[in-house]
Amino acid sequence: MATTQVKIHAEDLSKVPAALERIPEPTILVIFGASGDLTKRKLLPALFHLEQVNLLPKEFAIVGVARRTLGDEFAADMREGVVEFGDAAKDDPRLDAFIRKVHYFAMNFDDPAGYIGLDAELDRIAKEAGIGGNRLFYLATAPDYFTEIVENLGAHGMATPESGTVHVVIEKPFGHDLDSAKELNRRVNAVFEEKQVFRIDHYLGKETVQNILVFRFGNGIFEPIWNRNYIDNVQITAAETLGVEGRGPFYEKAGALRDVVQNHVMELLSFVAMEPPVSFEAESVRREKLKAWQAIPAIPIKHAVRGQYGPGKVDGVMVKGYREEDRVSPESGTETFAAVRLEIDNWRWAGVPFYLRAGKRLKKRATEISIQFKQPPLMLFNRSLHGGPCQEIEPNVITMRIQPDEGISLRFGAKVPSTQNISICPVNMDFDYSSAFGKSSANGYERLLLDAMLGDQTLFAHRDGVETTWALYTPILEAWAAKTPDVFPNYFAGSWGPDCAEHMMEQENRAWRKL
Ligand code: BG6
């Protein structure tokens, strides 16, 4: 049946009170693994955006640390990154001044002498720029180096300075199963106090993700129906059209469940499912997220299915299968798609299934959450009227589009204009971020970098949360590792994933929302 759109516009933005600007104290940001893609594509463009909107302290410096001897090339490369990935104008006068704050230090992460040299260099730069003792260490290296760097920082007195604050940001993956995550937490917390540790999940920096909490707790009308009495099921999809993009060796050891479900998708789930926190302070928010995860009973292995893409057409272009990708085993058993059904056994959610799916090389790029409501108690319009055929009425759905086409829609049934009979057509009330607020260039890292400098941990993962989500998925990962499915590859690139994911829903007389 045809769908009608009803657009919604935000009020005049000039009437929205400006938020209090929070500018961090003078800080030196030290990025380990700075020659990798993340620094150039995400971190530097994000920092420059912060500079453009005057949210960086005047006394500020960035020090890239990596093994290669690079010198001035590093700053030049970062400049290119800001222009290419941050949409900055090449001749923006602020860009030159910003790039002058970028430094580089070459060292091996396992070389103790390197840390002594780095410490002295940081002191020198800080003195020159009038920064004082605040340091933010950002670990953007391969995960194998995390503990080495942290322990060396500790051993060289760099984790607890005499003046100022030291924070450490740790990129994902934070462990690869429960035991490794516990071990990593133990070693990190042996050097840094938990209040110094910022485990980053870039999904929490996305506006649309933070807006889940505003939608639920900043409005009066949704929360009363946000429970098992009204909601039939919740679906969370993180679909990508991209493949592994040259990251074969990393992805071979990761797979979709580790790479996206255990972290990004579970973060989305926690925002949808958590109870209202007593305040929007880190401790309260993180406590409520943890309680939601802790209420999830062990996921039976039959409620987790996996897939791997074979060749196919994505956006009209023929692409290779996963096993043909660069540096991927031709017999690989790594899943590029995972779907899971779980429940949250608490007062609010008992009996409501949550279906999660994530995959690469799917038909469309779309990350979204859909809240599917129960049918009305009485099907007044589902009867034959004037002898006409019975009608299937679609349930109400609230869809939060995390990306792209960021927005929220509410689907409901409306009467099709007619003098003859009552016929119902599903329509969408649609809130679209870009038409309401204009296009945002934020990549998620802006907010998170700023918060890490300010010492605000609200949007960062806590050690208990990380261990709880790993505890849920480790048994599935172990069972999957024990046997490569004979049917791999089991979905075509450019499709919606393997049949087993569809069957999982059919068995419960449900279907994945069509995206
Ligand atoms: C990363 C994963 O954490 O998230 C990638 O390692 C994935 O494999 C990416 O592509 C998705 O992020 P986004 O912001 O593009 O949805």
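Structure's up top.
Calculation criteria
- Residues numbered from 1 in each chain as written.
- Predicted model: local features only at pLDDT ≥ 70, side-chain atom pairs only at ≥ 80, totals over all residues.
- Heavy atoms only, no water.
- Phe/Tyr/Trp six-rings, centres within 6.5 Å; stacked < 30°, edge-to-face > 60°.
- Helix = DSSP H or I, 4+ residues; strand = E, 2+ residues; numbered from the N terminus.
- Buried < 20%, exposed > 50% of the residue type's maximum accessible area, 1.4 Å probe, protein only.
- Near = heavy atom within 4 Å.
- Polar contact = N/O pair within 3.5 Å; in protein donor to acceptor, adjacent residues only side chain to side chain.
- Nonpolar A, V, L, I, M, F, W, Y, C, P; charged D, E, K, R; others polar.
- Expected span 1.5 Å × (residues − 1).
- Bend = angle between axes of the 7 residues up to and from the residue.
- Patch = residues over 30% accessible without salt bridge, like charges linked within 9 Å, V, L, I, M, F, W, Y side chains within 5 Å.
- Areas by Shrake-Rupley, 256 points an atom, 1.4 Å probe, with all protein chains shown as cover.
- Salt bridge = Lys/Arg side-chain N within 4 Å of Asp/Glu carboxyl O.
- Contact = heavy atoms within 4.5 Å.
- Pairing = 2+ DSSP bridges.
- Axes fitted to C-alpha atoms, helices over the stretch in contact; angles between N-to-C directions.

Here the focus is the packing of aromatic side chains. For the coordinates displayed, the defined rule picks out 18 aromatic pairs. Look at F32 and F137: their rings are 6.1 Å apart centre to centre, the planes differ by 40°, and that puts the pair in the tilted class. Taken together, the positions of F32 in strand β2 (residues 27-32) and F137 in strand β5 (residues 135-139) put the pair 105 residues apart, joining distant regions of the chain. Across the pair, exposure class does not vary: F32 and F137 are buried alike. A ring pair is formed by F215 and F222, whose centres lie 4.0 Å apart and whose planes are at 20°; its orientation type is stacked.

So, on to the site of the ligand. Inspection of the region around the ligand gives K172, H202, Y203, K206, E240, R247, D259, H264, K360 and Q403 as its neighbouring residues. Between the ligand and the protein, one listed contact pairs an oxygen atom with a side-chain N or O atom of K206 at 2.6 Å. Between Q403 and the ligand, the recorded distance is 2.6 Å, taken from a side-chain N or O atom to an oxygen atom. A breakdown of the residues in the shell around the ligand according to their chemical character gives one nonpolar, three polar and six charged.

On to helix α1 (residues 37-52), then. Between its first and last C-alpha atoms α1 spans 22 Å; for 16 residues at 1.5 Å apiece the expected length is 22 Å, and the two agree. Maximal helix bending in α1 amounts to about 30°, located at L43; proline P45 follows within four positions. Every buried residue of α1 is listed here: T39, K40, L43, L44, P45, A46, L47, F48, H49, L50 and E51. Looking one or two places after α1, you find N54, whose phi comes out positive at around 60°.

Quick look at a nonpolar patch on the surface now. Taken together, the side chains of L378, L380, F381 and I422 make up a nonpolar region of the molecular surface, amounting to roughly 350 Å² of accessible area. Position of L378 relative to the elements: it lies in the loop between β15 (366-373) and β16 (397-403). Using a relative accessible area of 52% as the deciding quantity, one classes L378 as exposed.

With 13 residues, helix α10 (residues 282-294) should reach 18 Å at 1.5 Å per residue; the first-to-last C-alpha distance of 18 Å fits that figure. All of the buried residues in α10 are A282, S284, V285, R286, E288, K289, L290, A292 and W293. Residues of α10 that are buried sit in contact with α9 (256-273) and α13 (463-482).

In sheet architecture, strand pairing relies on hydrogen bonds along the backbone and comes in two forms, parallel and antiparallel. Here six strands make up an open sheet; going across it, the order is β4-β3-β2-β5-β6-β7 and the pairing parallel. Two strands in the sheet have a free side with no partner beyond their single neighbour: β4 (102-106) and β7 (197-199). Strand-to-strand twist in this sheet, taken as the mean axis angle between neighbours without regard to direction, amounts to 20°. Of the strand pairs in this sheet, strand β3 (residues 60-66) and β4 are connected by five bridges, and their pairing is parallel. When the bridges of β4 are listed, V65 appears paired with F105.

Glancing now at unusual backbone geometry. Backbone torsion omega between K172 and P173 reads 5°, so that peptide bond is classified as cis. Its location among the elements puts P173 in the loop between β6 (166-170) and α6 (178-191). A cis amide bond, omega -20°, links Q403 with the succeeding residue P404. Looking at where P404 falls in the secondary structure, it is placed in the loop between β16 and β17 (407-415). Notably, R327 is not glycine yet its phi reads approximately 55°, a positive angle. By secondary structure assignment, the location of R327 is in the loop between β12 (317-319) and β13 (337-342).

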